[in-house]
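# Structural overview
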Amino acid sequence: MKKRGRNRIIRALSLALASASFAALLTGCGQSGEWTPSAYQFSEASSLPDGVVVEKYGYQLLWRDSVKQIALHDVEQNYTWDPMPEGSITDGYANPRLCSPFILDYIDHNTGSVTSIEAYSGSIELNGVSCERQGDVLVVTYFFPDLEIAVPVEYGLSADGLVVSVDPTKIQENSNQVVSISLLPFLCSMPNQAEDSYLFFPSGSGALIYPKELSRSGVTVSQRVYGEDPMTDIRYKVSEEESVRLPVYGVKKGSSALCAIIRSGAEAASVNALVGPTGVRNSAVYASFELRGNLSLRSKLFNQIKTTAYYSTSMMKTKIEVVFHPLYGDEASYVGMADTYRQYLQAVYGMEKREGQEDTVLNVQMIGGAMVSKSFLGIPYKSLLPTTNLSQASAIIQDLQTLTDRSLAVELIGFGQTGIDIGKPAGGFTVSSRLGSAREWEQLLQTCRGEDIPLYLDLELVAFSKSGSGWSATFDTAKGTNFQTVYQYAYDRVSRSQDEDNRYVLLSRSALAQAGQHLLDKTASLGNVGIGLGRLSSLAYSDYSQIEYYSRSGMAADVSGLISTVRDGGKSVLASGANDYAAACADRIMDAPMQSGQLDAFDVDIPFYAIVFRGYVPLAGTALNLSVDADELFLRSVESGCGLTYAVTAAYDPLLSNSNYPYFSRTVYEDLKDDMASNVERISAYLDDIRGAEITAHEVLDNGLRKTSFSNGTIVYTNFSDTQQQTEFGPVAPRDFVTGEGQ
C-alpha cells in the first residue's frame, strides 16, 4: 500500500513537471514570435529587355534576359563586373554552376536531408523567373516550380558599387524548406590560369589563394563568420582554429579588384572558396547565409547513436546584404580592400583614432587562479588555487617597469570568484578575496595610475554555470531550436569531446541587450579600472527564444551597443580576439589574430586584420609564451606592427595539472622575465617609431621576405626564411627584421 501510494505521488509529480515543461515550451514558442514563410504561389514569368536597368553613382546595372543575370558596369573605368565568368556558356551549352545567380540549400521533405540546387537548373531553365523594377531596385524572383520555393533577390546600386540582398520574410516555400543561400558565387572569381591574381579570404589575420588547378571538382573551403555557433551543440572540438572575424572577402585580377562586404546578416554568413576546379576552370570566393538554424539532437536506436539536425520552424527575419566595391590601380589589392573595409567600419560603428589610448610595446595578461580538485577525508571538492594575487601583480608590474622601461598594458584574467574557470556571471563582478584585499586592490590601481599603465579586469559576462548577480542559470539562458537550454562544455584535452563535468550556459540574448548598464552598476565599487569583455568579444551565438536572435541575428548590434554603454559610463573597454563590431568600438585590442586558419587551400597569410585596425585601435598580438613557434609569432608581430603579449602567473603548483588549462607551466613570470626583456629591447625602438601610424602598403616578396610600409614613412622588412636576404636597407638575417625610412 505504501509503495502504491508512493508511486501515485511520483506519477503526480511527474505529470506536474511534464505539464510545466510543456507550458514552458509553449511559452517559449510564444515569445519567439515565429512567422511562417509565405505559401508558394507561382507567378507568370516576366522579362525585361537587355540593357541598362538602373544608372547612378557612375555605375550601370545591366540586365541580360537570355540568362536572367545582372552585371555591374563601371562607366568611368569602362569595365564590366560579370557574375558569369568566361566559359560560362560554351557552344550553346550553359554551365549551371557558372550561370547561377545563387545556390540554394533546402530540406527535401521526402528524405529529410539537406540538398543543394543551382538557380539555373531549378529555376532559370524551367522558365521560372519574374523581373520587376521597383524604383531604383531590380527585383528578380526565382521560382523553383519542382520544389515549390520562390526566392526574390534585389539588385541595386550605391556609391560603393553593386548591392545584392535577400529578405527572408519574402521567400515562399511549402513542404520543402529553405536552409541557406549562396549569393553570386562567381562574381569574385578568377581563371585558374590567371596571372597577377588572387582570392582574398578573411580567415584569422587574412589569407590569399593563388590561381591553380587541383582536380576536376577542385577543393572547397568554408568558415563561419565569427566562428561556429555554439548553439548547434558542438560535440567534438578537434582543434582551435582561427575564425573569420571580418565579414569581407574579395578578388584581384590584374589592375582591378572587387571587395565584397557583408553589410547585413553577417552573423548568419559563411565565407567559402572553390579552389582549382578544372571542371569550371575558375576559382571563386563567395558568401552563403544560414537562414534557418539547427541544433544537433542525438537519439539511441539499437545501441547506435544517431545525430539529427533539428531545424527551426521559421527562418530568421534579418535581411542579408552584400555590397561589392570595385577597386582599380594602386587600390586593387588586399591593402585597398582593407582601406575600404575600414571606411565601412567608420561609417557603421563610428570607429575613429583612439585619442589618449596609446599603442603599448608590452602587454601582459595576468592569470589570477584556477579551480583545482582537492579532497578532504576522502570527499572530493573544487577549490580556487591562486596563481597571481593582487600584491604579486603589483610587484610584477613594478619589476617590468624597471626591467624594460617601456609602455605597458595589463589585463587581469581569472581574478573572479572561480578564477579562470566559469562560475557566476562575470566571476561575481568582483575580485576574489582569495586573491587579495580591498586595500591591495587599491594599491594595484595606484601603481598603474602612477605609472600611466592601462589596467583592465576581464569579466566573463556571457558564460556562467551558477546563478548570481541577478541572472539565473535556469531561466536567463540562450535556447536552441527546440526552445530548450543548450549547454556548453569545456573539451577534454585528450579525446577533444565534451567534458560533462564542466558544463555552463550562455546568457540569453534579451538579457545581453540590457547587460551594459548592469555591468557598469556592478563594477562601480571597483574604481577606475577598464573592462575586458572575455569571450563576448569573439563569440556570436543564436537564441531561439525570440526570432530576433535566430541564426545569431543582431549579435553585432547587441555587443557594439553594450560597449557604447560601458564607454559612455566612463570605462575603457578591452576586446580580446575581437570580431569586427567589438574591435571597432573598443579602446584596445588584445589577442589580435596573427595568422589564418592554416587551411590547405591557403597559399600565404597576410596581416589584413592589422591593416584595418592599426593606427586606429591599439593592437596587441597573441601571447608569445603560449605559441608553438614564438620566433615566428614575434616576426608576425613586427610585420603587423602589433605590441608583444605574454600570459604570466606569479607561481606554479602541481595541482594545476588537474585544471582545464594545460599551459600554466609556461606562464611563470620568473621563468619568462629575461625573455620578455630581451624581446622588448629588440622591438621597442621600432614600435616607438610607428606609434599611432597606419599601414599604407604591404607586400609578400620572394624567399620568405615581407615588406610593410607605414604612414609616417617607416618601412620594415621581415625575413621568415632560414637564409639571409637583401633589402634596400641592407641584409636581413634569417628570422629577423630590418627597418628604415622610405622615399
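To be clear, the structure that these remarks concern was listed above.
Read on for a plain summary of the structure. (Residues numbered from 1 in each chain as written. Predicted model: local features only at pLDDT ≥ 70, side-chain atom pairs only at ≥ 80, totals over all residues. Heavy atoms only, no water.)

Let us now look at the overall build of the protein chain. Helix and strand counts for the protein chain stand at 12 helices and 45 strands. On the principal axes, the C-alpha backbone points of the protein chain span a range of 95 × 80 × 45 Å. Looking at the protein chain as a whole, 58% of its 743 residues are labelled buried. Considering only residue pairs separated by 6 or more positions, the protein chain has 67% of its internal contacts joining residues 24 or more positions apart. (Helix = DSSP H or I, 4+ residues; strand = E, 2+ residues; numbered from the N terminus. Buried < 20%, exposed > 50% of the residue type's maximum accessible area, 1.4 Å probe, protein only. Contact = heavy atoms within 4.5 Å.)

It is worth spelling out the sheet that holds strand β36 (residues 588-590) at this point. Read from one edge to the other, the open sheet built from 8 strands follows the order β36-β35-β34-β30-β29-β26-β39-β38, with strand pairing classed as parallel. Looking at the sheet topology across the chains shown, the edges are occupied by β36 and β38 (620-623). Going from strand to strand, the sheet's axes swing by 25° on average, the running direction of each strand aside. One ladder, built from 3 bridges, connects strand β30 (residues 455-458) with strand β34 (residues 530-532); its direction is parallel. Pairing of Asp 458 across the sheet is with Gly 532, part of β34. (Pairing = 2+ DSSP bridges. Axes fitted to C-alpha atoms, helices over the stretch in contact; angles between N-to-C directions.)

This part takes up the pairing of strand β20 (residues 256-264). Among the 9 residues that make up β20, 7 are buried, leaving the element largely enclosed by the rest of the structure. Where strand β19 (residues 248-253) lies against β20, 6 bridges are found, and the strand directions are antiparallel. Across the sheet, Lys 252 pairs through a bridge with Ala 257, a residue of β20. Linkage of β19 to β20, two consecutive antiparallel strands, is achieved through a turn of 2 residues, within which Gly 254 is found at a positive phi near 65°.

Following the criterion strictly, the structure yields 2 cavities of 30 Å³ or more and no others. The calculated volume of the largest cavity comes to roughly 60 Å³. Lining of the largest cavity is provided by Ser 205, Pro 593, Met 594, Asp 605, Ile 606, Pro 607, Tyr 609, Ala 610, Arg 636, Glu 639 and Ser 640. At the level of elements, α10 (608-613) and α11 (630-640) are the ones that each hand at least two residues to the lining of the largest cavity. The biggest single contributor to the lining of the largest cavity is α11, with 3 residues. Of the residues assigned to the lining of the largest cavity, the class counts are 6 nonpolar, 2 polar and 3 charged. Here the second largest cavity defines a volume of roughly 50 Å³. Around the second largest cavity, the lining residues are Asp 359, Thr 360, Val 361, Arg 614, Gly 641, Cys 642, Gly 643, Leu 687, Asp 688 and Arg 691. (1 Å grid on protein atoms, 1.4 Å probe; cavity = no way out; pocket = protein on both sides within 12 Å on 5 of 7 lines; lining within 4 Å. Points joined across faces, edges and corners; volume = space filled by probe spheres on them. Nonpolar A, V, L, I, M, F, W, Y, C, P; charged D, E, K, R; others polar.)

Okay, the pairing of strand β2 (residues 59-64) next. Direction of pairing for strand β1 (residues 51-56) relative to β2: antiparallel, over a ladder of 5 bridges. Note that in β2 the partner of Val 54 across the bridge is Leu 61. From the end of β1 to the start of β2, which pair antiparallel, there are 2 residues, and Tyr 57 there has a positive phi angle of about 55°. Looking at chain direction, β2 and strand β3 (residues 69-74) are connected through 6 bridges and run antiparallel. Bridged to Leu 62 within β3 is Ala 71. Connecting β2 to the next strand, β3, in antiparallel fashion are 4 residues, including Lys 68 with a positive phi near 55°.

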